[in-house]
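These are the residues of each chain, in order.
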Amino acid sequence: MTGFLDHVLNGLALGSVYALVALGFVVIFKASGVLNFAHGSLLLLGGYLTAVLHDDLGFAGALALAVLVTAAVAGALDRLLLRGGDRDPQAAHVQTIVTIGIDIVLLTDLARRIGGDLLTLGDPWGDSVTRLGPLTVADSRLAAIAVSAIVIGAVFALFRFTSWGLSLRASSEDLEAAALMGVRLVRVRTLAWCLAGALAALAAVFLAAFPAPGLERTTGQIALKAFPAAILGGMASPPGALAGSLLIGLTESLVAGYQSELHILGDGFGDVAPYAVMVLVLLVRPTGLFGAKGAVRV
């Protein structure tokens, strides 16, 4: 029973970090209709900046600067390379393909800089652990749950109570009507990209923290496990992204924890388990757990 609870707690911690990344996918999709395949490289950029700056600025200063720079880079990518006049499906498809090229360029440069090294981010938790009754939990896991809960709550409040959040929801429902009502679509879209970049940079800290060995050039690929979480919950649903991320995190942790009992599925099944769950759910609900069916007039 103790082992099961340990796996559940680790799964919740992992899922909360995935939720930060998945929210980035959802926010960008709601604002622009684009699936941002460069999200993993933005995450790696944020982690790399934190790693190289923490000796000079301290962890908090390095993380703050990394979040700001990653947000600015994400916004610049949208304004300079992706921004189109109308958010029509054809333009969104082209821009989605462009993000693949951006991802290749960013990952190539960052991989060259990181090389074969394991970079530490200077986080204050280190390898310390805390005992919770019969459980022994890494402090980084507890910090991941606490920080993610605060940040996700703040993002949801941003959606609900700010003019930008209202504009984002209005433009995702009816772009033309929102434009006619005076919504500044370009600003809404750019701020969405900046927010997604900031969330990705923050998630990098916990993906590289103990018990992970550190930041490496493949860390950005781990973030792509949040992509099935966003699909699973419904690409236009922030609550769905949260629910899907927790489900993916729990699945990955439980499959890894009980790998010996699941050996019939293969030694590497834990790596594909998130995608298997996504496929199984979409077979039942093609629009995702929180996705809504749309009506089209012809």
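The text that follows walks through the structure, step by step, so that each part is easy to find. (Residues numbered from 1 in each chain as written. Predicted model: local features only at pLDDT ≥ 70, side-chain atom pairs only at ≥ 80, totals over all residues. Heavy atoms only, no water.)

## Topic: the overall build of the protein
Tallying secondary structure elements over the protein gives eleven helices and two strands in all. Reading the protein from its N end, one meets helices and strands in the order α-α-α-β-β-α-α-α-α-α-α-α-α. What you see for the protein is a C-alpha radius of gyration of 19 Å, in line with the 19 Å of a compact globule of 298 residues. Structurally, the protein occupies a C-alpha span of about 60 × 50 × 35 Å along its principal axes. In the protein, which comprises 298 residues, the share counted as buried stands at 47%. In the structure as shown, the protein presents an accessible area of about 14200 Å², 66% of it carried by carbon and sulfur atoms. Counting 18 positive and 20 negative side-chain charges, the protein places the averaged centre of each group 12 Å from the other. (Helix = DSSP H or I, 4+ residues; strand = E, 2+ residues; numbered from the N terminus. Rg over C-alpha atoms; globule rule 2.2 N^0.38 Å. Buried < 20%, exposed > 50% of the residue type's maximum accessible area, 1.4 Å probe, protein only. Areas by Shrake-Rupley, 256 points an atom, 1.4 Å probe, with all protein chains shown as cover. Lys, Arg positive; Asp, Glu negative; His and termini not counted. Charge placed at Lys NZ, Arg CZ, Asp CG, Glu CD.)

## Quick look at the pattern of salt bridges
All chains considered together, the criterion is met by three salt bridges. The partner of Arg-112 in a salt bridge is Asp-109, and the shortest N-O contact between them spans 2.7 Å. Residue Arg-112 and its partner Asp-109 are located together in helix 3 (residues 89-114), separated by three residues, close to a single helical turn. With a relative accessible area of 28%, Asp-109 lands in the partly exposed category. (Salt bridge = Lys/Arg side-chain N within 4 Å of Asp/Glu carboxyl O.)

## Notes on helix 7 (residues 185-208)
With 24 residues, helix 7 ought to run about 34 Å at 1.5 Å a step, and its terminal C-alpha atoms sit 35 Å apart, in line with that. Across the 24 residues of helix 7, 19 count as buried, placing the element largely inside the fold. (Expected span 1.5 Å × (residues − 1).)

## A word on the packing of aromatic side chains
Using the criterion set out here, one finds six aromatic pairs in the structure. Seen from their ring centres, Phe-25 and Phe-227 are 5.4 Å apart, and the 65° between their planes marks the pair as edge-to-face. You can see Phe-25 sitting in helix 1 (residues 2-32) and its partner Phe-227 sitting in helix 9 (residues 226-233), a full 202 residues away along the chain. Per residue, the accessibility class of Phe-25 equals that of Phe-227, and both read buried. Taken together, a centroid distance of 5.6 Å and an interplanar angle of 45° make the contact between Phe-37 and Phe-227 tilted. Here Phe-37 is found in the loop between helix 1 and helix 2 (39-82), whereas its partner Phe-227 is found in helix 9, with 190 residues between them in sequence. Within the aromatic cluster, the residues linked to one another by ring pairs are Phe-25, Phe-37 and Phe-227. (Phe/Tyr/Trp six-rings, centres within 6.5 Å; stacked < 30°, edge-to-face > 60°.)

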